[in-house]
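Chain by chain, the residues run as shown.
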Amino acid sequence: MSRLLVTGGAGFIGSAIVRRAIADGHEVRVLDSLRADVHGDPQAVIADHEARGIAFVHGDVRERVALDAALDGIDVVCHQAAKVGLGVDFQDAPDYVSSNDAGTAYVLAGMDRLGIGRLVVASSMVVYGEGAYTTSTGEPVRPPARRREDLDAGRFDPIGPDGQPLVPGLIDESAALDPRNVYAQTKVAQEQLASSWARATGGRAVALRYHNVYGPGMPANTPYAGVASLFRSAIARGEAPRVFEDGAQRRDFVHVDDVAGANLASIAATDALPDDSFRAYNVGSGTVHTIGDMAAAIAGTAGLEPVVTGEYRLGDVRHVTASSARIADELGWRAEVDFERGMREFADAPLRAAVR
Ligand SMILES: NC(=O)c1ccc[n+]([C@@H]2O[C@H](COP(=O)([O-])OP(=O)(O)OC[C@H]3O[C@@H](n4cnc5c(N)ncnc54)[C@H](O)[C@@H]3O)[C@@H](O)[C@H]2O)c1
């Protein structure tokens, strides 16, 4: 068993990792700044951790005193702390880069200072941009960003060089990284910093590219929330979920408890990796669903019908679904929560209250 630090351990995914790590017998410490745009009353969050006997350092990963106190005596760091979501507009860019790029650099420098050599870092499917596609004749192709005039005309699928819609497939870790917004750039930077740290210090790092994570404790309706949480919040207000485009966007929805399991498998794996290693893994359920399927699965339990609006957001990707074969082959991890059960439970699971 290890002495584990979970940065961002009070967040949606971090809390699930903390619960699972304690159940597995690890000694767990949390470092979290309790961002004001994420959490309500910080004292209540700290008191809740204390009541459960979890060591909690309230501080920012960019603050040396808090970071060193949190890292003291630790064997392995699970770095979840980040500013998440797509952001509202470009005014969010400095906060993304400072929290995520600089934040990770500070964590890694601290690990180097204290001689800690094992890291698991939260990455995201957004590092791939649009997913994997082939042309109608089976040639692999990377589509450019979709054009506004196609979207306005309801042509949502990326179009190939022959003028036909491209055929979506499963993306694997060998695909080129193609981040298409500031948040995605920061997830690529976090991975690359982790890889540079491993090379410079002999450390061992695993980056987990989570797909669409859902489950209890997800943030409620905020500009930064994922689609599952937006639909779940609509249902809580008694409204039908509003589905953009035609609802056929393909995604891989993975339950937060499964994501926690993937982190624990990776934490164990960092012990066995050779020095100076960096490995990235997709973390998905392994099954493809559409956004329309997901809206129907959640709305159905409340007796509501989703409304397909045809609206779009220019920055959204059309399809991105993962092959999670590498993590199954190398670490023996597979998702266990099935879509129908997970969504049924999610439909009335508690959400984290919106704070702004
Ligand atoms: N939710 C998803 O679907 C998803 C998908 C892919 C990747 N991720 C990644 O997973 C990780 C966790 O995301 P989440 O959904 O749990 O988000 P969250 O906002 O619920 O949790 C993040 C936590 O980190 C803390 N934090 C942020 N900046 C910090 C800093 N500088 N110092 C200390 N603490 C800080 C916040 O207070 C919060 O408790 C993030 O790295 C995110 O990029 C999430």
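Residues numbered from 1 in each chain as written. Predicted model: local features only at pLDDT ≥ 70, side-chain atom pairs only at ≥ 80, totals over all residues. Heavy atoms only, no water.

Q: Please clarify how unusual backbone geometry should be interpreted in this entry.
A: Trans peptide bonds make up most of the peptide bonds, and negative phi angles are found at most residues other than glycine. With a phi angle near 50°, Leu-34 is a residue other than glycine that sits in the positive phi range. One can find Leu-34 in the loop between strand 2 (27-32) and helix 2 (42-51). Non-glycine residue Glu-245 carries a positive phi angle of around 55°. (Helix = DSSP H or I, 4+ residues; strand = E, 2+ residues; numbered from the N terminus.)

Q: Sorry if this is basic, but what is going on with the pairing of strand 15 (residues 277-283) here?
A: The side chains of a regular strand alternate, first on one face of the sheet and then on the other. Counted residue by residue, strand 15 has five buried out of seven residues, so it is predominantly covered. The pairing of strand 10 (residues 204-210) with strand 15 spans seven bridges and is parallel. Looking at strand 15, one finds that Val-206 is bridged to Arg-279. (Buried < 20%, exposed > 50% of the residue type's maximum accessible area, 1.4 Å probe, protein only. Pairing = 2+ DSSP bridges.)

Q: What is the right way to read the site of the ligand from this model?
A: In the neighbourhood of the ligand, 28 residues make up the surrounding shell, with Ile-13, Asp-32, His-39, Tyr-183 and Lys-187 lying closest. Between the ligand and the protein, one listed contact pairs an oxygen atom with a side-chain N or O atom of Asp-32 at 2.6 Å. Leu-34 is positioned such that a nitrogen or oxygen atom in its backbone is 3.5 Å from an oxygen atom of the ligand. When the ligand is considered free in solution it has 830 Å² of accessible area, and contact with the protein chains removes 94% of it. Those elements giving two or more residues to the shell around the ligand turn out to be helix 1 (12-23), strand 5 (118-124) and helix 6 (182-201). Here the shell around the ligand gets three residues from one element, more than from any other, and that element is strand 5. Looking at the shell around the ligand residue by residue, the class counts come to 13 nonpolar, nine polar and six charged. (Near = heavy atom within 4 Å. Polar contact = N/O pair within 3.5 Å; in protein donor to acceptor, adjacent residues only side chain to side chain. Areas by Shrake-Rupley, 256 points an atom, 1.4 Å probe, with all protein chains shown as cover. Nonpolar A, V, L, I, M, F, W, Y, C, P; charged D, E, K, R; others polar.)

Q: What is the right way to read the nonpolar core from this model?
A: Residues Leu-208, Tyr-210 and Met-294 are the most contacted members of the largest nonpolar core, which totals 54 residues. With near-sequence residues (within four places) excluded, Tyr-210 lies in contact with Ile-13, Ile-17, Gln-80, Ala-122, Ser-123, Ser-124, Met-125, Val-259, Asn-263 and Val-283. One finds Leu-31, Val-57, Ala-81 and Leu-119 within the second-largest nonpolar core, a separate group that totals 23 residues. (Core = buried A, V, L, I, M, F, W, Y, C linked by side-chain atoms within 4.5 Å. Contact = heavy atoms within 4.5 Å.)

Q: Looking at this model, I keep getting lost on the packing of helix 4 (residues 93-114) against helix 6. Mind explaining?
A: Helix packing geometry: the angle between the two helix axes and the distance between the axes. Taken N-terminus to C-terminus, the directions of helix 4 and helix 6 make an angle of 15°; their axes are 9 Å apart at the nearest point. The orientation of helix 4 relative to helix 6 falls into the category roughly parallel. For the crossing formed where helix 4 meets helix 6, the hand is right-handed. Only Val-182, Tyr-183, Thr-186, Ala-189, Gln-190, Leu-193, Ala-194, Trp-197 and Thr-201 of helix 6 make contact with helix 4, whose side of the interface consists of Ala-93, Tyr-96, Val-97, Asn-100, Asp-101, Thr-104, Ala-105, Leu-108, Met-111 and Asp-112. (Axes fitted to C-alpha atoms, helices over the stretch in contact; angles between N-to-C directions. Parallel < 35°, antiparallel > 145°, perpendicular 65-115°, else oblique. Left-handed = near helix turned anticlockwise from the far one by under 90°.)

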